[in-house]
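Read off the chains here:
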Amino acid sequence: PIELYINSPGGDVHSGLGVYRYITEQMRSPLHTYCIGSCASMAVIIYLAGDERYIYDGTELMIHDPASISGTFEKPDALRERLGMLENVKDTICRIIADRTDHDIEEIAEVTKKDTYFGADKALEFGLSTQIIGKENM
């Protein structure tokens, strides 16, 4: 298997979804992902692409809705269009999290309304991670 160690605050949603799709749709090798330090936002989506998802004791994951940053002045129609695109991305992200954790999409949509942090135990319990590393009796 390929081992991917992630310590990232996240980043561009479209780039991250491209990486996720490549891993889940094109890669032939099994992938094991490891959360070291902190794994947040879009980095969690890439982390979820792992067939096995390891989290080190004392580290954390964070999920939330995608956000749009614009320093421009936009007219109402342009804002509505951008909001529609952002809602589509939110639905995609919620579907990925729901599929990988076996939670309902409605539950995920509620959890991602705010920045939600998961320590190792909580990440394992929620289904984001499959195993904790560095914890006795695991």
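Everything below is about the structure printed above this text.
The rules behind the values
Residues numbered from 1 in each chain as written. Predicted model: local features only at pLDDT ≥ 70, side-chain atom pairs only at ≥ 80, totals over all residues. Heavy atoms only, no water. Helix = DSSP H or I, 4+ residues; strand = E, 2+ residues; numbered from the N terminus. Polar contact = N/O pair within 3.5 Å; in protein donor to acceptor, adjacent residues only side chain to side chain. Contact = heavy atoms within 4.5 Å. Buried < 20%, exposed > 50% of the residue type's maximum accessible area, 1.4 Å probe, protein only. Pairing = 2+ DSSP bridges. Phe/Tyr/Trp six-rings, centres within 6.5 Å; stacked < 30°, edge-to-face > 60°. Axes fitted to C-alpha atoms, helices over the stretch in contact; angles between N-to-C directions. Left-handed = near helix turned anticlockwise from the far one by under 90°. Nonpolar A, V, L, I, M, F, W, Y, C, P; charged D, E, K, R; others polar.

Asks: Sorry if this is basic, but what is going on with the side chain of S129 here?
Replies: Its location among the elements puts S129 in the loop between helix 5 (120–126) and strand 6 (131–133). Side chain to side chain, S129 and Y47 meet in a polar contact 2.7 Å long. Residues in contact with S129, not counting those within four places in the same chain, are Y47, R53, I55, L61, A123 and L124.

Asks: It is not clear to me how the side chain of T112 should be interpreted in this structure. Could you clarify?
Replies: As for its position among the elements, T112 is in the loop between helix 4 (105–111) and strand 5 (116–119). You can call T112 buried: its relative accessible area is 1%. With residues up to four places along the chain from it excluded, the contact list for T112 reads I63, H64, D65, C94 and I97.

Asks: What's the story with unusual backbone geometry in this structure? I'm lost.
Replies: Apart from glycine, the bulk of residues carry a negative phi angle, and the bulk of peptide bonds sit in the trans form. The backbone phi angle of S41 is positive, close to 55 degrees, even though this residue is not glycine. By the element assignment, S41 lies in the loop between strand 2 (31–40) and helix 2 (42–48). Phi at D102 takes a positive value of approximately 65 degrees, unusual for a residue other than glycine.

Asks: Before we go on, may I ask you to explain the pairing of strand 5 in this structure?
Replies: The two faces of the sheet receive side chains in turn, since in a regular strand these alternate between them. Of the two faces of strand 5, only the one carrying T116 and F118 is buried; Y117 and G119 on the other face are not. Two strands pair when backbone bridges link them, and strand 4 (residues 60–63) and strand 5 are joined in this way by 4 bridges, in the antiparallel orientation. Among the inter-strand pairings, I63 is bridged to a residue of strand 5, identified as T116.

Asks: Hey, could you run me through the packing of aromatic side chains in this one?
Replies: Aromatic ring pairs are reported here in terms of the distance separating the ring centres and the angle at which the planes meet. A complete count under the given rule lists 3 aromatic pairs for this structure. Ring plane angle 15 degrees and centroid distance 4.8 Å describe the contact between Y34 and Y54, whose orientation is recorded as stacked. Placement of the pair is Y34 in strand 2 and Y54 in strand 3 (residues 52–56), with a sequence separation of 20 residues. Both residues of the pair, Y34 and Y54, count as buried. Geometrically, the ring pair formed by F118 and F126 is tilted, given 5.0 Å between the ring centres and 45 degrees between the ring planes. Each of the two residues, F118 as well as F126, counts as buried. Joined through ring pairs, the aromatic side chains of Y5, Y34 and Y54 make up one cluster.

Asks: I would appreciate a short explanation of the packing of helix 1 (residues 13–25) against helix 3 (residues 76–101) in the present structure.
Replies: Packed helix pairs are characterised by how far apart their axes lie and by the angle those axes make with each other. Packing of helix 1 against helix 3 leaves a shortest axis separation of 12 Å and a crossing angle of 35 degrees. For the pair helix 1 and helix 3, the crossing hand works out as left-handed. On helix 3, the residues touching V13, H14, L17, Y20 and R21 of helix 1 are V89, T92, I93, I96 and R100. In the contact of helix 1 with helix 3, the residues fall into 6 nonpolar, 2 polar and 2 charged.

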